[in-house]
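Examining the three-dimensional arrangement
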There are 2 protein chains.
Amino acid sequence: MKRLIAAAGLLIFTLAASASAAPLSLGDLLTRSPAADWRPLDPENTVYMDLPSGRVVIELAPAFAPNHVANIKALIRSGYFDDSAIVRVQDNYVAQWSAPEGRRITAGHDTLKAEFDRPIGREPFARLADPDTYAPVVGFSGGFPAARDPRRRRTWLTHCYGMVGAGRDDSADSGGGKELYAVIGQSPRNLDRNVTLVGRVVQGMELLSSLRRGPGEMGFYTNPADHTAIRRVRLAADVPAADRLPLEALRTDSATFKALVQSRRFRKEGWYKYSPGRIGVCNVPLPVRAAH
Amino acid sequence: MKRLIAAAGLLIFTLAASASAAPLSLGDLLTRSPAADWRPLDPENTVYMDLPSGRVVIELAPAFAPNHVANIKALIRSGYFDDSAIVRVQDNYVAQWSAPEGRRITAGHDTLKAEFDRPIGREPFARLADPDTYAPVVGFSGGFPAARDPRRRRTWLTHCYGMVGAGRDDSADSGGGKELYAVIGQSPRNLDRNVTLVGRVVQGMELLSSLRRGPGEMGFYTNPADHTAIRRVRLAADVPAADRLPLEALRTDSATFKALVQSRRFRKEGWYKYSPGRIGVCNVPLPVRAAH
């Protein structure tokens, strides 16, 4: 079988001084990276969403959406999302899920004030020097793709593939986390600062992205029988330690991540004939792996 | 059912002078557009690829890849793609298809000289003023997303969602059209000028993007039984006229398209609380509809 088109980065050169250094696979780069360049996912901010096809793991982003994340955790712990379902899958856009129609909340809030952006503070921020269509400055903060407006001193998460947001009605403050969606196509960056992003799918994206698209308006299923059941939703912290997935994420403020970004700007693999010398904020992989 | 998050542009304001103009849906904008703003797909450059789940329609781009397009047409007409299959689906990257292993070609060429880019000529080009991460200039040419380097006087198609390219091995000239792929995720713009793009899926993308991801390296299926069969591949020109799909595409050099782009830069729907005033070349919809 011919290779045909390169995978999303199988080979990168070492960044060693030697010009004749042999290509080092991305896997090798990560394997050789120091343990300190990785961080375990925090069980208190890790969600397990179990579908019939497998588990979707979401890392929550309390640094950007503290109130929404607290509310989602309260909803999860009260069983609000039990027997919920994926009710909408719109091609090149989002997969969206919610509790059964009419379910009342027993903990947390029905709606919350929007957390579209927030003041730039002490959160880490690994700036990407490359130009972005939508924001003055882009980069990565605590494992999430993010943007900044230095003039207005505001920061926000960006709608890249796999990001999870809190759906809302026309009012900015009509969301809160009762309905959530994940981005399954080209980054809809026009949604930045219009929706409160609450986290990112770090495992199992393919279970959401490969769902049959809904035939109705905006990708809603017209027949509830076509919904994908969500068996249960739990926080990793509420699962016995022995049953947790031992996942760890590459720190976006690490030297390894810096090397990874650079290797994506300048592709050294023999397959590449041209390297743009640039990389988009939504084109940088954010590795998550089973802890060693 | 709450609306929650806006569809990919259901409502836009008219561009009429009246500031109090009622919102006009994108559908309405297109319906009211003059017939001259649309062009029928050329049957000689339209491919029907029939899967068990339905038909995928691809518009070829002879203006950008004349030799590859001619070769693909020769391959199709010689039956080369009969009983071919989708052999690779890599999440957030590509779906790729090819003829059964070992099939020999009876028409056309096995490989071709790369057509990664070409001299800027007289082809139409609707420039997008918005900044792009990867190219000096981006825009649309003949219905396709494209880029230009004015200094070097070169132009090329860009890897947006739905674009179709000719897979190749390590050698630049090892492609030719025997294996093709479609982009099913975030635009992998690092592939621009590294692969010959040959066209775009204009209908049926959801049939490719929702396929189960391959479990093997780079998304290849490890079990051929998991391949998706491609029943037949034909050029629309070779189908009796009465059986052709009467599709037409919005001209990317039309006033309606210009209005569409502007309506995406500045979202006027009540749902939007913030408008970036910018749009990415891979975020602009390229409407195709059944001819009136």
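Residues numbered from 1 in each chain as written. Chains lettered and ligands numbered in written order. Predicted model: local features only at pLDDT ≥ 70, side-chain atom pairs only at ≥ 80, totals over all residues. Heavy atoms only, no water.

1. A look at the interface of chain A and chain B
It is common to give the size of an interface as the accessible area lost on bringing the parts into contact. Listed as interface residues are 66 residues of chain A and, on the opposing side, 66 residues of chain B. Both faces combined, the contact of chain A with chain B buries some 5900 Å², and carbon together with sulfur accounts for 52% of it. Summed over the shared surface of chain A and chain B, the result is zero salt bridges. Taken together, the links from chain A to chain B amount to 31 residue pairs in polar contact (both at pLDDT 80 or more). Put simply, the parts of the chain that give the side of chain A that touches chain B at least two residues each are strand 7 (94–98), strand 14 (179–183) and helix 3 (205–209) of chain A. It is helix 3 of chain A that provides the largest number of residues to the side of chain A that touches chain B, a total of three residues. Of the residues that constitute the side of chain A that touches chain B, the class distribution is 28 nonpolar, 17 polar and 21 charged. (Contact = heavy atoms within 4.5 Å. Buried area = accessible area lost by both parts, 1.4 Å probe. Salt bridge = Lys/Arg side-chain N within 4 Å of Asp/Glu carboxyl O. Polar contact = N/O pair within 3.5 Å; in protein donor to acceptor, adjacent residues only side chain to side chain. Helix = DSSP H or I, 4+ residues; strand = E, 2+ residues; numbered from the N terminus. Nonpolar A, V, L, I, M, F, W, Y, C, P; charged D, E, K, R; others polar.)

2. Examining the sheet that holds strand 19 (residues 288–290) of chain A
Residue and element names in this part refer to chain A. Read from one edge of the open sheet, three strands run 3-18-19, paired in antiparallel fashion. Each edge of the open sheet carries a strand with a single partner, namely strand 3 (38–40) and strand 19. Averaged over all pairs of adjacent strands, the angle between their axes in this sheet comes to 35 degrees, without regard to strand direction. Where strand 18 (residues 247–250) meets strand 19, three bridges bridge the pair, whose relative direction is antiparallel. Across the sheet, residue Glu 248 finds its bridge partner in strand 19, namely Arg 289. (Pairing = 2+ DSSP bridges. Axes fitted to C-alpha atoms, helices over the stretch in contact; angles between N-to-C directions.)

3. Details of the pattern of salt bridges
Applying the stated criterion across every chain yields a total of 36 salt bridges over all chains. Here Lys 73 of chain A and Glu 44 of chain A are joined by a salt bridge, their closest N and O atoms 3.1 Å apart. Here Lys 73 of chain A is found in helix 2 (residues 66–77), whereas its partner Glu 44 of chain A is found in the loop between strand 3 and strand 4 (46–51), with 29 residues between them in sequence. In this structure, Arg 234 of chain B and Asp 50 of chain B form a salt bridge, with 3.7 Å as the shortest nitrogen-oxygen distance.

4. What about the nonpolar core?
If you look at the biggest cluster of nonpolar residues, it comprises 38 residues, and the most contacted ones within it are Leu 128, Phe 140, Leu 157, Phe 257, Leu 260, Val 281 and Val 284 of chain A. Split by domain, this core shows at least three residues from each of two domains, domain 1 (11–38 + 249–290) and domain 2 (40–247) of chain A. When near neighbours in sequence (up to four residues on either side) are disregarded, Phe 257 of chain A contacts Phe 140, Leu 250, Arg 251, Thr 252, Val 284, Pro 285 and Leu 286 of chain A. Within the second largest apolar cluster, 36 residues are counted, among which are Leu 128, Ala 135, Ala 146 and Tyr 181 of chain B. (Core = buried A, V, L, I, M, F, W, Y, C linked by side-chain atoms within 4.5 Å. Buried < 20%, exposed > 50% of the residue type's maximum accessible area, 1.4 Å probe, protein only. Domains from an automatic or database assignment.)

5. So, the domain arrangement of chain A
Residues and elements named next belong to chain A. The domains assigned to chain A are domain 1 (11–38 + 249–290) and domain 2 (40–247). Counting the surface lost from both domain 1 and domain 2, the interface buries some 1500 Å², and carbon and sulfur atoms represent 68% of this. When residues of domain 1 are sorted by the area they lose upon contact with domain 2, Val 281, Cys 282 and Leu 286 head the list and together hold 39% of the total. At the junction of domain 1 and domain 2, the tally comes to one salt bridge. Linking Arg 265 and Asp 130 is a salt bridge whose minimum nitrogen-to-oxygen distance equals 3.0 Å. Summed over the shared surface of domain 1 and domain 2, the result is four residue pairs in polar contact (both at pLDDT 80 or more). Its residues assigned to classes, the side of domain 1 that touches domain 2 comprises eleven nonpolar, three polar and three charged.

6. A word on helix 2 of chain A
Residues and elements named next belong to chain A. If you check helix 2, its first and last C-alpha atoms are 16 Å apart, about what twelve residues at 1.5 Å a residue would give, namely 16 Å. Of the surrounding secondary structure, the elements contacted by the buried residues of helix 2 are strand 4, strand 5 (54–60), strand 13 (163–166), strand 14, strand 15 (196–203) and strand 17 (232–235). A positive backbone phi angle near 80 degrees is found at Gly 79, which sits one or two residues after helix 2. (Expected span 1.5 Å × (residues − 1).)

7. Some remarks on the relation of the copies chain A and chain B
The transformation that overlays chain A on chain B combines an axial shift of 0.0 Å with a rotation of 180 degrees, and the residual RMSD is 0.0 Å. The symmetry that links the two subunits is that of a two-fold axis. (Least-squares fit on C-alpha atoms with pLDDT ≥ 70 in both.)

8. Digging into the state of the cysteines
Residues and elements named next belong to chain A. A full pass over the atoms with the stated rule returns two disulfides over all chains. Two residues, Cys 160 and Cys 282, share a disulfide whose sulfurs are 2.0 Å apart. Torsion about the S-S bond of the Cys 160 and Cys 282 cystine: about -75 degrees, corresponding to left-handed handedness. Here the residue Cys 160 occupies a position in the loop between strand 12 (154–157) and strand 13, and Cys 282 occupies one in the loop between helix 4 (255–265) and strand 19, the gap between them amounting to 122 residues. Residue class for Cys 160 comes out buried when judged on its relative accessible area of 5%. (Disulfide = S-S within 2.5 Å.)

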